[in-house]
Amino acid sequence: MAKTDIGPPDYKTMLPPVIQRNYGKWLYHEILKPGVLMHVAESGEALYTVRAGSPRLVSTDHIREICDIAEKYCDGYLRFTSRNNIEFLLDDKDKVEPLIAELASRNYPVGGTGHSISNIVHTQGWVHCHTPATDASGPVKALMDEIYDYFITSTLPAHVRIALACCLNMCGAVHCSDIAILGIHRTVPKPDNSRVPNMCEIPSTVASCPTGAIRGDMKNKTVTVNDEKCMYCGNCYTVCPAMPIADPENDGISIWVGGKVSNARSAPKFSKLAIPFLPNNPPRWPEVVDAVKNIIEVYASHARKHERVGEWIERVGWERFFSLTGIPFTDKHIDDFDMATETFRTSTQFKWR
Amino acid sequence: MAKTDIGPPDYKTMLPPVIQRNYGKWLYHEILKPGVLMHVAESGEALYTVRAGSPRLVSTDHIREICDIAEKYCDGYLRFTSRNNIEFLLDDKDKVEPLIAELASRNYPVGGTGHSISNIVHTQGWVHCHTPATDASGPVKALMDEIYDYFITSTLPAHVRIALACCLNMCGAVHCSDIAILGIHRTVPKPDNSRVPNMCEIPSTVASCPTGAIRGDMKNKTVTVNDEKCMYCGNCYTVCPAMPIADPENDGISIWVGGKVSNARSAPKFSKLAIPFLPNNPPRWPEVVDAVKNIIEVYASHARKHERVGEWIERVGWERFFSLTGIPFTDKHIDDFDMATETFRTSTQFKWR
Amino acid sequence: MEKSKTPLLDELEKGKWPSFVTDMKQAAQKSPMAEDLLSQLELSYKDKIGHWKHGGIVGVKGYGGGVIGRYSDRPDLFPNVQAFHTMRINHPTGWFYKTDALRNLCDVWDKHGSGLTNMHGSTGDAILLGTTTEHIQPCFDDLSAAGFDLGGSGSALRTPSACVGPGRCEWACIDSLDVCYNLTMEFQDKIHRPMFPYKFKIKVSACPNDCVASIARSDFSIIGTWKGKILINPAEVTAYASSDLDIQKEVCDLCPTKCMEWDSKELKIHDEDCTRCMHCINLMPKALRPGKEKGATILVGGKAPIVEGALLSWVIVPFIKLEPPYTELKELIERIQDWWDENAKSRERLGELIKRLGMRVFLRGVGLPAVPQMVKAPRSNPYVFFWPEDIKQEVK
Amino acid sequence: MEKSKTPLLDELEKGKWPSFVTDMKQAAQKSPMAEDLLSQLELSYKDKIGHWKHGGIVGVKGYGGGVIGRYSDRPDLFPNVQAFHTMRINHPTGWFYKTDALRNLCDVWDKHGSGLTNMHGSTGDAILLGTTTEHIQPCFDDLSAAGFDLGGSGSALRTPSACVGPGRCEWACIDSLDVCYNLTMEFQDKIHRPMFPYKFKIKVSACPNDCVASIARSDFSIIGTWKGKILINPAEVTAYASSDLDIQKEVCDLCPTKCMEWDSKELKIHDEDCTRCMHCINLMPKALRPGKEKGATILVGGKAPIVEGALLSWVIVPFIKLEPPYTELKELIERIQDWWDENAKSRERLGELIKRLGMRVFLRGVGLPAVPQMVKAPRSNPYVFFWPEDIKQEVK
Ligand code: SRM
Ligand code: SRM
Ligand code: SRM
Ligand code: SRM
Ligand code: SF4
Ligand code: SF4
Ligand code: SF4
Ligand code: SF4
Ligand code: SF4
Ligand code: SF4
Ligand code: SF4
Ligand code: SF4
């Protein structure tokens, strides 16, 4: 029988020698150009990192190609980043440009460092999940094609982190992104009374609903949904498969902006609703791509240097954000969940637009 | 029969002629000295206001004395302020100093304007209410005696507004004061099962509890309280007189800081908990007086000009507030009501003290 | 020398601040009620507990409120405060008085009550502190004859209040006194005959300094504001520059939107960024004035903590012109009160109801459009409701 | 020319960004599973709906998680993805790989699965995308032989993740890689055998830039920080001053606490006011470095919105030294998990439990002192609970 609980391979065995020698003794770094980092150690040694974009959904052959490249230039050492980019790690400066040339010849985008748009953190979508309200890889590919130049250059006021999650479970953790793309359902799940009794536990189904829209119907061993209280989060479906929620006509995408994670300058923040709904239009989701591009461009032309999307909006005000982007403000933008009153404007300080 | 619904006397009949002539046409004002305002109209006419302190709880004879003074210097015109001070209104500059002299001779403090401490908004306390956890007029008098100089001068960084409410109903609206003094109970109300059935409506008693500590006991037509869920707000007592809450040993005062109402510079803010409990020590509440004085003095020596208490604390941080004032921080300071998570520090940005 | 009957309270006659104890003693000389009140209060000081029973319902003919019933829990010791009810009196808007009106009030009160008052109560009423059940109606009759009327209590509209505004203040953007008085007169019925789910308070401040704390203390807050440029008087700016005011540090640096520029000669304001906080105007009243197009911001929901936590009022109408007879304003108030009345549970304030049902439902209910000025920021949780008409309905 | 079977997906092979469709087609050439996946996805693109059934439970011997069961809802059309389960693989901490390890992984996966992967999943695992029920155990056996193990799923600890930290970054205040690897090894049992009320995530960032988003995406967030003075290298400051960096505008003016002073010559930092946000260090990496006394801030509660709304982690330990074997840290984690386990309802995340019971109860439960660093501000509502021992008990 196979050994269990062995855990992952020890990362120390995966570190390139230059890192092993200088582990924890780095002195400073420079971004030599977009996608290329130089980290200099106290010893004076330097580590070069070349960052390349990846679709994340990769075939084994693609991984082998990455391995080929890493072996050719990096003695076989590489890593992936927390945003799913590939980083080639090397200590020989002379190999940096040839590596980049080879990456270019194989159509790997090099970039994603500094004031750029890095890879889009995303999720499974129609490729592998059971609750998506949209696809993940498709909208990401369509969007990255359009904003490609922001990946390979560093021309934005600050870095812009985009994430996509295909349902409210938010596996893409879009809740703290500069720009977030979130799949949403908009149809009240219909309990299938023939299947609920066998497949679902009534109390946990009732408990799963954030707004208390579900009532147990003990007599018929099923549940009922109060349409008016349901905001289509799909959590009941996660708990009770007999409450399908997907609906081709009404599923789609919402856009959120202004979140961040780092503690730099301002504290981490949640993303806030910008556009409540855009339709699913595969294969290239033009409405979504345009909406995100518009936000990026308005941001790029109005924010100050080092100002993240959320910091810019907070400085100029949300009134201004909506007037500059031309996005209509609706009653859906006003929170009505449990801490809604915290978001209401309890002051006469505001801008006219 | 008496006429009903006549409403208050028309304020227009109460306005001094100089105001009638210049109504809505004021140009600017100056604070000539603490307690003395000069408002100049477009016409060039000036209105002088002399503001005097009041205990608010006043006898008819005291009011008649005020009338005597107003008739002597102000043609019988005066007003009260939204903080219960008395304002003598006159158009003859020459009468200002004699008026002040007479007020001094009768022990009326003149002040409360500009960067001072104005009168303390307060409530009924043991004088007239049924739910107080402390007296109102007593602590106010004891404190004003001690901080008297801040009323008659303007030496603080900004104006400091103090309010007192004798129970959580907060008739003194202490929830947005620079410094708030709030009477609190700390004993779980005991339903009197012999009286509840006759005096109280069970459903509304149950509904009155913010934390859901009360359960209806339909069989015995009474209610029970879950001690662990009760935070002694007294709202059940308001609704159901058979649930007394007052307790001489455990009632007392809590101190709150940093609220404001004006929209000047920063938005209106709630007061925040500084000291969870101080004992009721009539007649002069020394612990309360000392605690408030300490906060005022630390504020006075650390805040920048024009910085309200809350603005100062937000600039330096609550960590610093607690270390500068020497007030111990406890688990009671951490919110645990419905929007508590909004107050948790979701950032690594903080000061060590 | 006779030993004082109020040794504890006597301590509060010491010190420089005017003493309420002195006033109580003064009243006690004339009124046995005031005398017993003083003694009962002394007992409270000794016992560290109040000696009033839970209030009872008392009132005048035709009204449902305005009197707060109060009974001593020691009528054995203090028979003269066995019943000791408070009468709340509509104050003249802005708390302006001619002395003759005040003297009338005092005379009525000496005749019927304890001779003690609060000038004024926290809501703004003149509070006549303590009378017996029998005296309530005659006292009211005399008050009415003297031109005074009762304020509100219970589940009613309370006496609206207003800052001094155009009566004295150069910053008034609306006629706070007239608006307040007009509403008070218009809604007399709602003040006197409780018919709401709970109390309802209206307060009017004529500029964002909010000198009646309307944003914190009223369900319906009316706060003056303006559109357009802050008016600058350059000569007076120059005068301030040579005074001890540091324009850069004290004015510009504290502007919340940093929309002011000062080059030691000229003061520029980027008015499109100004959020009309008043700070610069407050500091330079001779040089700066609110812009020309004046009106009010309407906010709702303010209240103290019970039950669901304290709320500050929030913006529901960024700008409204206010001119007599204030038809639009009154219609808005009526629509809001109707919606509240229809939907609220008993003892649920307007703000709590909106918190429970959502701004979305409120706005639709009262017919107001959603605008970004209503929020500090849009929602961050994804629990968004769509209206049925937003959704493509399948024909099944 | 043959008509493409995937005209919609083909559109996504256009454009400059690397295409997942190309990778799927590549895999489809070797694997019938991948081929059917491609076709099913094309159908989803046509239908605008997913074609997977609600997941079922599948796994390997001795483990309770690590595999996500997945079945097609159109097995009639796509028999090769009738069952198409995902295997989550513990990644080498910091996502460092030698190519031979990666090649081994690929070989195992070509043998047992679709040949498609996610490098990596959002939690950090290497995701092997799609295999049949029969292949799960043999695949696991081969993975184990190649030195790999499964990650977590269900109500278990998930694979902890860490930023690159001391592996490459000059700002690392803690050894994020070692802490993360050590915890991963220590808690193998908790990863593989779900025994919690719900999922539990740990993420480690070695400085406040938080490059693994630990504050947003983990129940237990470990973030490096320091005490004492930021180290300044004056020579390098001077060098920056003559570069195109505007020290006053870009560095000092954006410091959140405004605790920096720059007179064009010397840079001063009032460290007692610094909240260690990293901004100045980020902009001047050669001139500024974190202070000498290094450790971590511990925060808990981060999570996505379901059920009670999203939470960012909040501070529970402002500063803790982290040195192997990390005993204090591990004990804290155990105490917290125990308390959570004892008190949580099913599917209640740690943050939601604390929200429900209160920090007060949590702190006492796990034995941590209350400190002001835990809050942005103290409470504003007066609903304060006192402990029984705070109250003077009457003997009745
Ligand atoms: C490689 C990576 C860590 C890893 O273990 O994988 C990493 C590496 C570095 N980060 Fe990061 N960050 C990485 C994800 C993040 C994340 C997490 C995320 O994006 O999901 C954040 C938080 C994002 C957010 O706030 O929403 C993050 C916030 C930062 C910041 C703060 C930026 C800010 O001003 O808010 C810095 C400082 C800076 O860039 O000046 C930083 C700086 C750096 C430095 C300069 C640190 C260093 O000295 O080595 C590294 C190169 C940065 C660059 O790309 O320009 N890193 N960094 C991650 C690369 C992701 C990618 O492929 O794009
Ligand atoms: C694979 C992955 C997305 C991806 O494409 O990367 C994923 C996929 C799923 N997640 Fe997730 N989650 C994944 C990372 C996350 C993250 C991000 C993170 O860990 O940093 C989050 C947000 C952070 C958090 O935990 O709060 C996340 C929040 C959820 C939730 C909502 C949890 C909550 O408390 O709000 C659910 C719903 C649930 O647990 O029932 C969920 C459930 C699911 C399920 C198991 C669907 C379900 O209900 O059964 C998805 C299985 C998809 C599939 O068929 O493989 N997933 N999930 C990620 C795991 C890969 C890995 O192990 O590395
Ligand atoms: C008389 C009164 C209005 C009334 O109708 O009764 C009034 C009158 C004036 N207020 Fe006020 N305010 C009055 C209560 C308030 C209140 C309400 C309260 O305290 O409960 C506030 C909000 C308090 C708060 O924010 O917590 C208030 C916030 C202001 C401000 C904003 C101050 C700030 O920087 O936050 C100003 C501007 C200033 O003082 O520079 C102001 C300015 C003024 C001016 C200068 C307006 C003017 O040009 O006439 C008046 C003289 C101010 C002074 O005392 O220095 N008034 N003012 C009230 C006097 C109360 C008293 O007896 O002390
Ligand atoms: C007299 C006065 C205090 C004072 O000394 O000035 C007062 C006194 C009482 N208030 Fe008040 N409230 C008074 C202004 C306020 C204010 C301030 C304001 O109006 O600006 C508030 C906070 C603002 C608000 O309305 O939210 C206030 C919030 C309460 C509450 C809590 C309401 C809530 O929704 O949180 C109660 C409890 C209740 O209604 O059951 C309450 C109840 C009471 C009762 C009627 C006690 C009761 O439960 O029956 C008190 C009667 C005392 C007595 O024996 O006369 N009183 N009460 C004020 C009215 C005088 C006037 O008419 O001018
Ligand atoms: S976000 Fe939703 S649909 Fe997408 S992978 Fe996660 S659980 Fe599945
Ligand atoms: S979809 Fe969400 S809101 Fe609607 S019933 Fe299900 S759990 Fe409740
Ligand atoms: S604050 Fe409480 S005790 Fe004081 S007057 Fe108001 S209701 Fe009565
Ligand atoms: S005092 Fe307040 S918390 Fe306690 S039972 Fe009564 S209503 Fe509930
Ligand atoms: S609120 Fe404004 S207008 Fe009214 S008195 Fe105060 S400063 Fe003057
Ligand atoms: S009113 Fe306030 S926001 Fe407007 S310019 Fe003056 S200080 Fe700035
Ligand atoms: S979190 Fe800090 S230490 Fe870790 S990689 Fe990012 S910048 Fe470096
Ligand atoms: S780390 Fe941040 S808070 Fe500290 S000095 Fe630098 S910029 Fe200022």
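Trainee: Before we move on, could you go through helix H2 (residues 20–30) of chain D and cite the residues and values that matter?
Mentor: When H2 of chain D is considered as a whole, its buried residues turn out to be Phe-20, Val-21, Asp-23, Met-24, Ala-27 and Ala-28 of chain D. The buried residues of H2 of chain D occupy an angular sector of 155° when the element is viewed end-on, so they sit on one face. Those residues of H2 of chain D hidden inside the fold are in contact with strand E4 (57–59), helix H2 (60–74) and helix H4 (137–146) of chain A together with helix H1 (7–10), helix H3 (32–47) and strand E4 (116–119) of chain D. N-capping of H2 of chain D is provided by Ser-19 of chain D, with a side-chain oxygen placed 3.0 Å from the backbone N of Val-21 of chain D.

Trainee: Please give an account of the interface of chain D and chain A that cites residues and values.
Mentor: In this complex, chain D contributes 114 residues to the contact, which on the side of chain A involves 116 residues. Among the residues of chain D in contact with chain A, Trp-17, His-54 and Arg-168 of chain D are the three that bury the most area, contributing 10% of the side total. There are 11 salt bridges connecting chain D and chain A. Arg-64 of chain A is the partner of Asp-110 of chain D in a salt bridge, and the nearest nitrogen-oxygen pair spans 2.7 Å. The interface formed by chain D and chain A holds 68 residue pairs in polar contact (both at pLDDT 80 or more) in total. Its residues assigned to classes, the side of chain D that touches chain A shows 53 nonpolar, 30 polar and 31 charged. Here strand E5 (residues 77–80) of chain A pairs with strand E3 (residues 96–98) of chain D via three bridges, running antiparallel. The partner of Leu-78 of chain A across the bridge, within E3 of chain D, is Tyr-97 of chain D.

Trainee: Before we move on, could you go through the site of ligand 1 and cite the residues and values that matter?
Mentor: In the vicinity of ligand 1 lie 33 residues, with His-39, Thr-81, Ser-118 and Arg-161 of chain A together with Cys-211 of chain D positioned nearest. With respect to ligand 1, its neighbouring residues span chains A and D. At 2.7 Å from an oxygen atom of ligand 1 is found a side-chain nitrogen or oxygen belonging to Arg-51 of chain A. Arg-308 of chain A places a polar side-chain atom, nitrogen or oxygen, 2.7 Å from an oxygen atom of ligand 1. Elements supplying a minimum of two residues to the shell around ligand 1: strand E1 (26–33) and strand E2 (36–41) of chain A. Of the residues contributing to the shell around ligand 1, the split by class is nine nonpolar, 13 polar and 11 charged.

Trainee: Would you mind going over the packing of H2 of chain A against H2 of chain D in detail, with residue names and values included?
Mentor: Where H2 of chain A meets H2 of chain D, the closest approach of the two axes is 8 Å, and the angle between their N-to-C directions is 110°. Classified by the angle their axes make, H2 of chain A and H2 of chain D are roughly perpendicular. Here Asp-61, His-62 and Arg-64 of chain A of H2 of chain A lie close against H2 of chain D, whose contacting residues are Asp-23, Gln-26 and Lys-30 of chain D. Classifying every residue of the contact of H2 of chain A with H2 of chain D gives no nonpolar, two polar and four charged.

Trainee: I'd like a rundown of the coordination of the iron atom of ligand 3, residues and numbers included.
Mentor: Among all protein atoms, only Cys-211 of chain C (SG) binds the iron atom of ligand 3, sitting 2.3 Å from it. Within the secondary structure, Cys-211 of chain C sits in the loop between strand E7 (202–205) and helix H8 (214–217).

Trainee: Quick rundown of the interface of chain A and chain B? Include the residues and the values.
Mentor: Interfaces are frequently sized by the accessible area removed from exposure as the parts join. At the junction of the two partners, chain A supplies 14 residues and chain B supplies 14 residues. Between chain A and chain B, a total of about 960 Å² is buried, with carbon and sulfur atoms accounting for 43% of that surface. Summed over the three residues of chain A that lose the most area to chain B, namely Asn-263, Met-339 and Gln-349 of chain A, the buried surface amounts to 47% of that side. The interface formed by chain A and chain B contains zero salt bridges.

Trainee: Any details on the confidence of the model for chain C? Residues and values, ideally.
Mentor: Of the residues in chain C, 99% have a pLDDT of 70 or more, and the chain-wide mean is 97. The ipTM assigned to the predicted complex is 0.97, against a pTM of 0.97.

Trainee: Describe the state of the cysteines, listing the residues and the values that go with them.
Mentor: Between two cysteines, a covalent bond joining their sulfur atoms is known as a disulfide. Summed over all chains, the structure comprises two disulfides over all chains. The disulfide partner of Cys-200 of chain A is Cys-240 of chain A, and the gap between their sulfur atoms is 2.1 Å. Disulfide Cys-200 of chain A-Cys-240 of chain A: torsion about the S-S bond near 75°, hence right-handed. Taken together, the positions of Cys-200 of chain A in the loop between helix H6 (196–199) and helix H7 (202–207) and Cys-240 of chain A in the loop between helix H8 (235–239) and strand E11 (252–257) put the pair 40 residues apart, joining distant regions of the chain. Per residue, the accessibility class of Cys-200 of chain A equals that of Cys-240 of chain A, and both read buried. Summary of cysteine pairing: Cys-173 of chain C is not part of a disulfide, and the nearest cysteine sulfur, belonging to Cys-207 of chain C, is at 6.2 Å.

Trainee: If you had to explain the packing of helix H10 (residues 309–316) of chain B against helix H11 (residues 318–325) of chain B to someone new, which residues and values would you point to?
Mentor: Residue and element names in this part refer to chain B. Running from amino to carboxyl end, H10 crosses H11 at an angle of 105°, the nearest separation of the two axes being 6 Å. Taken as axis vectors, H10 and H11 run roughly perpendicular relative to one another. Listed contacts from H11 to Trp-312, Ile-313 and Val-316 of H10 are Trp-318, Arg-320, Phe-321 and Leu-324. Taken together, the residues of the contact of H10 with H11 break down into six nonpolar, no polar and one charged.

Trainee: Give a description of the packing of aromatic side chains that names residues and reports values.
Mentor: On inspection of all chains with the given rule, the structure shows 50 aromatic pairs over all chains. Judged by centre distance (6.5 Å) and plane angle (75°), the ring pair of Tyr-148 of chain A and Trp-17 of chain D falls under edge-to-face. Of the two residues, Tyr-148 of chain A is situated in helix H5 (residues 148–152) and Trp-17 of chain D in the loop between H1 and H2; the pairing between them involves two chains. Note on Trp-318 of chain A and Phe-321 of chain A: the rings are 5.5 Å apart at their centroids and 70° apart in plane angle, and the pair reads as edge-to-face. Of this pair, Trp-318 of chain A and Phe-321 of chain A both sit in helix H11 (residues 318–325), three residues apart, which is roughly one turn of that helix. Clustering of aromatic rings is evident, with ring pairs tying together Tyr-299, Trp-312, Trp-318, Phe-321, Phe-322 and Phe-329 of chain A.

Trainee: Any details on the sheet that holds strand E7 (residues 162–165) of chain B? Residues and values, ideally.
Mentor: Residue and element names in this part refer to chain B. If you walk across this open sheet you meet the four strands as E7-E8-E11-E12, and the pairing is mixed. The strands lining the two open edges of the sheet, one partner per strand, are E7 and strand E12 (272–279). If you compare each strand with its neighbour and ignore which way they point, the axes differ by 20° on average.

Trainee: So what about the sheet that holds E3 of chain D? Which residues, and what values?
Mentor: Here we have six strands laid out as an open sheet, ordered E1(A)-E2(A)-E3(A)-E6(A)-E5(A)-E3(D), and antiparallel in their pairing. Pairing within the sheet leaves two strands with one partner each, and these edge strands are E1 of chain A together with E3 of chain D. Averaged over all adjacent pairs, the angle separating strand axes in this sheet is 25°, with direction ignored. Sheet topology note: the E2 of chain A/strand E3 (residues 46–52) of chain A ladder contains five bridges and is antiparallel. The residue bridging Val-40 of chain A from the neighbouring strand is Ala-46 of chain A, located in E3 of chain A. Relative to the sheet, helix H3 (residues 96–105) of chain A contacts E1, E2, E3 and strand E6 (86–90) of chain A, its axis offset from that of E3 of chain A by approximately 10°.

Trainee: Tell me about the pattern of salt bridges, residues and numbers included.
Mentor: By the definition in use, this model includes 102 salt bridges over all chains. Across the pair Arg-103 of chain D and Glu-71 of chain A runs a salt bridge, and its minimum N-O distance is 2.7 Å. One end of the pair, Arg-103 of chain D, is in helix H4 (residues 99–112); the other, Glu-71 of chain A, is in helix H2, on a second chain. A salt bridge links Arg-379 of chain D to Asp-335 of chain B; the nearest nitrogen and oxygen atoms lie 3.4 Å apart. You can see Arg-379 of chain D sitting in the segment after helix H14 (359–366) and its partner Asp-335 of chain B sitting in the segment after H11, one on each of two chains. The two residues Arg-379 of chain D and Asp-335 of chain B agree in class, both being buried. One network of salt bridges, with partners in common, ties together Asp-61 and Arg-64 of chain A together with Lys-30, Asp-107 and Asp-110 of chain D.

Trainee: Residues and numbers for H2 of chain A, please.
Mentor: All names here are of chain A. Taking 1.5 Å per residue, 15 residues should reach 21 Å; H2 reaches 20 Å between its end C-alpha atoms and fits that length. Of all the positions in H2, only Thr-60, His-62, Ile-63, Arg-64, Ile-66, Cys-67, Ile-69, Ala-70, Tyr-73 and Cys-74 are classed as buried. In the segment just after H2, Asp-75 is the residue with positive phi, at about 50°.

Trainee: Quick one: what's the story with the pairing of strand E7 (residues 202–205) of chain D, residue by residue and with numbers?
Mentor: All names here are of chain D. Residues Ile-202 and Val-204 point to one face of E7 and Lys-203 and Ser-205 to the other, with burial holding for every one of them. Strand direction decides the pairing type here: strand E6 (residues 161–162) and E7, joined by two bridges, are parallel. Paired with Ser-161 across the two strands is Lys-203, which belongs to E7. Bridging between E7 and strand E8 (residues 220–227) involves four bridges; their strand directions are parallel. In the sheet register, Ser-205 faces E8, and the bridge partner there is Ile-223.

Trainee: A description of unusual backbone geometry should follow, citing residues and the corresponding values.
Mentor: With an omega dihedral of 0°, the bond running from Ile-306 of chain D to Val-307 of chain D counts as a cis peptide bond. When you line up the elements, Val-307 of chain D lands in the loop between strand E13 (293–300) and strand E14 (314–320). Omega for the peptide link from Pro-324 of chain D to Pro-325 of chain D comes to 5°, which places this bond in the cis form. One can find Pro-325 of chain D in the loop between E14 and helix H12 (327–343). Residue Arg-56 of chain A is not a glycine yet carries a positive backbone phi of 70°. Among the structural elements, Arg-56 of chain A can be located in the loop between E3 and E4.

Parameters at a glance
- Residues numbered from 1 in each chain as written.
- Chains lettered and ligands numbered in written order.
- Predicted model: local features only at pLDDT ≥ 70, side-chain atom pairs only at ≥ 80, totals over all residues.
- Heavy atoms only, no water.
- Buried < 20%, exposed > 50% of the residue type's maximum accessible area, 1.4 Å probe, protein only.
- Helix = DSSP H or I, 4+ residues; strand = E, 2+ residues; numbered from the N terminus.
- Arc of directions from axis to C-beta.
- Contact = heavy atoms within 4.5 Å.
- Polar contact = N/O pair within 3.5 Å; in protein donor to acceptor, adjacent residues only side chain to side chain.
- Buried area = accessible area lost by both parts, 1.4 Å probe.
- Salt bridge = Lys/Arg side-chain N within 4 Å of Asp/Glu carboxyl O.
- Nonpolar A, V, L, I, M, F, W, Y, C, P; charged D, E, K, R; others polar.
- Pairing = 2+ DSSP bridges.
- Near = heavy atom within 4 Å.
- Axes fitted to C-alpha atoms, helices over the stretch in contact; angles between N-to-C directions.
- Parallel < 35°, antiparallel > 145°, perpendicular 65-115°, else oblique.
- Donors = N, O, S within 2.8 Å, 3.2 Å for Na, K, Ca; no water.
- pLDDT = per-residue confidence, 0-100.
- Disulfide = S-S within 2.5 Å.
- Phe/Tyr/Trp six-rings, centres within 6.5 Å; stacked < 30°, edge-to-face > 60°.
- Expected span 1.5 Å × (residues − 1).

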